[in-house]
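Close look at the chain arrangement
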Amino acid sequence: MQTLIICIDRDNDLGEKAGVPSPIIGREANLSAAIKLAAADPEDSDINTIFGGIKVFDELTAENREVEIVSIAGDKKVGRSADKKIADQLERILEQLKPGSTILVSDGAEDESVLPIIQSRVKVDSVHRVIVKQHENLESTYYIIKHAFNDPKISHTFFMPIGLAFMIYAISLYANVPEVGSIVIMGAIGVYALFRGTGLDDAFGDFRDTLTKSMERGKITFVMYLASIILSLIGTVQGGIELWDYYNSEIMVGYLILVMVYINASIWWYVIAGILISSGKIVDMRLANEKIGKQWSHPFFILAGGLLFWSGSTYIMVLSGTLASYPFIPDGKQFIFITMLAAIVIAAIGARISISSEKARSF
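Model, not experiment: these values are computed from the prediction.

A few words on the sheet that holds strand β1 (residues 3-9). Reading across the sheet, the 5 strands line up as β2-β3-β1-β4-β5 and stay open at both edges, with mixed pairing between neighbours. The open sheet has two edge strands, β2 (24-25) and β5 (124-129), and neither has a second partner. Sheet topology note: the strand β4 (residues 101-106)/β5 ladder contains 5 bridges and is parallel. Bridge assignment links Thr-102 to a residue of β5, and that residue is Val-124. Each of β1, β3 (67-73), β4 and β5 touches helix α3 (residues 46-62); the most contacted strand, β1, lies at about 170 degrees to it.

So, in structure tokens, the structure goes:
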């Protein structure tokens, strides 16, 4: 039974620096790719990963074992987009080679983060980490740190919050309010940590890339994206104004009620923005004669979700006394029941249209 040696290049240095597309299958192809990468950037650690994989390949071949080697690259942005590309390539390779087990070769923890992706699809016998030996002196340590800071992935993550903190504190000192500066710095770092920790940076990066590609390819979604951004800003401003009015009013409200006020005032702007984006994608797919399938259900699900958020926030606001009455229906239980039922019906219609489209396409 064949053993597959998998060399991981999560940030796609092979493609970005050496211009070698992945996956790279076979000893000779991997050796050629490693040489090209070494010529482009001799300091790249992925060179050692591939040569480490070749060494394991040769050792297993000498033992008369059936073995193959492959290098898989992700994306320079790392994150979810890189993992998705690695997963897609891995599935194609497993379908083609049908190995019984694998050996993962990497140059560190970042590449090994894809280990669960591999383990979910094939048995992993071992993980071989390639570590480059360095002289343990001050000069080499300085060089390693300097080289790390020159890496955009590290510098952007490390220097941005520090630079922002220093800038805010300098402004607060100039304005003679250092205590305010400390509060703002803590808040800014907290927001940045949440932004990075929840993966919103990847989501915004994907949104930016999609917007750019839509403009370059002349797709309708570009206009829809711009319209959705404007509508989202309007919704955010309107929700903020409503929240501020309630906060400064004589009505005593808690934080939960303020959140409900914001949702109630802004949700339909966000819903319309989401429907515009989804509709734009459907139109572009129709013009390109592509399979729409489940995309049909997205506008209906967005509308159903918006209805649930609106009705839930309305119900809580009326119960708390911050809203006088329910729209159209005086009884609260009837109101929440009818709106939830309407949301379920809308979602069911979307699912039905999506399923019908899938069946029609298959014939």
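From this point, things continue past the structure.
Before going further, it helps to examine the pairing of β3. Burial runs high along β3: 7 of the 7 residues are buried. Along β3, one buried face is formed by Val-67, Ile-69, Ser-71 and Ala-73 and the opposite face, lined by Glu-68, Val-70 and Ile-72, is buried too. Sheet topology note: the β1/β3 ladder contains 7 bridges and is parallel. Within β3, the position partnered with Ile-5 by the bridge is Ile-69. The sheet contact formed by β2 and β3 spans 2 bridges and is antiparallel. By the bridge assignment, Ile-24 is partnered in β3 with Ser-71.

Counting across every chain of the model gives 12 salt bridges. Here Asp-83 and Arg-10 are joined by a salt bridge, their closest N and O atoms 2.9 Å apart. Taken as a pair, Asp-83 in helix α4 (residues 79-97) and Arg-10 in the loop between β1 and α1 (13-16) lie far apart in primary sequence, 73 residues in all. Owing to a relative accessible area of 10%, Arg-10 belongs among the buried residues under this scheme. A salt bridge links Arg-27 to Glu-28, with the shortest nitrogen-to-oxygen separation between them at 3.6 Å. Of the residues examined, Arg-27 reaches a relative accessible area of 27% and is grouped as partly exposed. Salt bridges here are not isolated pairs; linked through shared partners, they connect Asp-13, Lys-17, Asp-41 and Asp-44.

Let us look at the packing of aromatic side chains. Both the distance between ring centres and the angle between the ring planes are used here to describe each pair of aromatic rings. The final tally for this structure, using the stated rule, is 2 aromatic pairs. Ring geometry for Trp-268 and Trp-310: centres 6.2 Å apart, planes at 50 degrees, overall tilted. Separated by 42 residues along the polypeptide, Trp-268 in helix α12 (residues 255-287) and Trp-310 in helix α13 (residues 297-320) bring together distant segments of the chain. The class for Trp-268 is partly exposed, based on a relative accessible area of 30%. By way of ring pairs, the aromatic residues Trp-268, Trp-310 and Phe-335 are connected into one cluster.

Between its first and last C-alpha, α13 extends 35 Å over 24 residues, near the 34 Å set by a 1.5 Å rise per residue. Along α13, the residues classified as buried are Ser-297, Pro-299, Ala-304, Gly-306, Leu-307, Trp-310, Ser-311, Ser-313, Thr-314, Met-317 and Val-318. Gly-321 sits one or two positions beyond α13 and adopts a positive phi of about 90 degrees.

It is the contact of α12 with α13, at a shortest axis distance of 9 Å, that shows an interaxial angle of 170 degrees. By the angle between their axes, α12 is roughly antiparallel relative to α13. When the residues that make up the contact of α12 with α13 are grouped by side-chain class, the tally is 17 nonpolar, 8 polar and no charged.

So, about the side chain of Asp-9. With respect to the helices and strands, Asp-9 occurs in strand β1. Among the polar contacts made by the side chain of Asp-9, one reaches the main-chain amide nitrogen of Asp-13 at a distance of 2.8 Å.

Mapped onto the secondary structure, Phe-222 falls in helix α11 (residues 220-248). The exposure class assigned to Phe-222 is partly exposed, which follows from its relative accessible area of 21%. Separated by 59 residues in the primary sequence, Phe-222 and Lys-281 place their C-alpha atoms 9.6 Å from one another.

Reading the values: the criteria
Each chain carries its own residue numbering, running from 1 in the written order of its sequence. Only residues with pLDDT of at least 70 get local features here, since the model is predicted, and only at 80 or more are side-chain atom pairs given and counted; chain-wide, interface and lining totals rely on the full set of residues. With hydrogens and water stripped out, all remaining heavy atoms of the structure feed into the side-chain values. Pairing between strands is defined by DSSP: at least two bridges between the two strands are required. Helix and strand definitions here come from DSSP, where helices need a minimum of 4 consecutive H or I residues and strands a minimum of 2 consecutive E residues; each element is numbered from the N-terminal end. Residues are treated as being in contact if the distance between any of their heavy atoms lies within 4.5 Å. Angles shown run from 0 to 180 degrees and are taken between the N-to-C directions of axes, each axis being a line fitted to C-alpha atoms and, for helices, limited to the stretch in contact. The buried label applies to any residue whose accessible area, calculated with a 1.4 Å probe on protein chains only, is under 20% of its type's maximum; exposed applies above 50%, and partly exposed to all values in between. When a carboxyl oxygen of Asp or Glu lies within 4 Å of a side-chain nitrogen of Lys or Arg, that pair is called a salt bridge. By convention, a stacked pair of Phe, Tyr or Trp rings (six-membered ring in the case of Trp) has centres within 6.5 Å and planes under 30 degrees apart, an edge-to-face pair has planes over 60 apart, and any other such pair is tilted. Helix span, expected: 1.5 Å multiplied by one less than the number of residues in the helix. Each angle is binned into one of four classes, with values under 35 degrees roughly parallel, values over 145 roughly antiparallel, values of 65 to 115 roughly perpendicular, and all other values oblique. Residue polarity is assigned by list, with Asp, Glu, Lys and Arg as charged and Ala, Val, Leu, Ile, Met, Phe, Trp, Tyr, Cys and Pro as nonpolar; anything else, Gly included, falls into the polar class. Think of a polar contact as two N or O atoms within 3.5 Å of one another; within protein, one of them needs to be a possible hydrogen donor and the other a possible acceptor, and neighboring residues in sequence only count if both atoms come from side chains.

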